[in-house]
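Below, each chain spelled out in residue letters.
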Amino acid sequence: MLQDLEPTKGTITWTKGKMAGLSIGSFVGGILAGLVGIGGGMVSSPILLEMGVHPQIVMSTSTFLILFTSSTTSIQYLIFKKLPLDYSAVYAIMTFFSNIVGNLVIDWLIKKYKKTFIVIFIVAGVVGLSALMLSIAGGFTIYDALGSGETPHFKSLCAV
């Protein structure tokens, strides 16, 4: 039976605590992804790495989640005519080929150095860089608002 099998290296031994942690982390991550506009993979990657999932599996899962999130967001923008079709087509083609090149480079690095920690550093770097860039962009927005005499505040959710 399945319960008699020994777990292999990199396999998660599921406990109630791990299932609850993943469920809560995914729920909060989904809310953050929707509110802040980041991909779900950026939130789930650190959670999965902390749980002990193999870094290459984390990378694949993260890529799928980001693909799903960005695709649905792009479709919403296209439906509401907030994104030009020609621009989105060029961007989609560039993103597709950039993803292939990025995956080939990461696979080459892992095979060359035989270390999977490279994926962990890439995930940490992307999350850290995104947080830094979001902070800088927010700082510029506040600076511009204060410079023009406005009081910085959140806009209404209904004002699109």
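Within each chain, residue numbers correspond to sequence positions counted from 1 in written order. Under the rules for a predicted model, residues below a pLDDT of 70 receive no local features and side-chain atom pairs below 80 are neither given nor counted, while totals for whole chains, interfaces and linings still include all residues. Just so you know, side-chain values use all the structure's heavy atoms and leave hydrogens and water out.

(A) Just the packing of helix H4 (residues 85-113) against helix H5 (residues 117-147), in detail. Axis definition: a line fit to C-alpha positions, over the contact stretch in the case of helices; interaxial angles, taken between N-to-C directions, run 0 to 180 degrees. Here a strand is any run of E in DSSP of at least two residues, a helix any run of H or I of at least four, and the numbering for each starts at the N terminus. Contact geometry of H4 with H5 gives a least axis separation of 9 Å together with a crossing angle of 140°. In this view, H4 runs oblique relative to H5, as classed from their interaxial angle. Across the interface between the two elements, Ile-106, Leu-109, Ile-110 and Tyr-113 from H4 touch Ile-118, Val-119 and Ile-122 from H5. These descriptions rest on fixed angle ranges, namely under 35 degrees for roughly parallel, over 145 for roughly antiparallel, 65 to 115 for roughly perpendicular, and the rest for oblique. For this analysis, residues touch if any pair of their heavy atoms sits within 4.5 Å.

(B) Representation of H4 within the structure. Taking 1.5 Å of rise per residue, 29 residues should cover 42 Å, and H4 covers 42 Å from first to last C-alpha, within 8% of that figure. Think of it in three bands: residues with accessible area under 20% of the maximum for their type are buried, residues over 50% are exposed, and the middle band is partly exposed, with areas taken using a 1.4 Å probe on protein chains only. Turning to H4, its buried residues number three or more, namely Ser-88, Ile-106 and Ile-110. On its buried side, H4 packs onto helix H3 (55-79) and H5. Just downstream of H4, Lys-114 is the residue with a positive phi angle, here 55°. Each residue after the first adds 1.5 Å to the expected span of a helix.

(C) Geometry of the side chain of Ser-62. Relative to the helices and strands, Ser-62 is located in helix H3. With residues up to four places along the chain from it excluded, the contact list for Ser-62 reads Gly-41, Met-42 and Ser-45.

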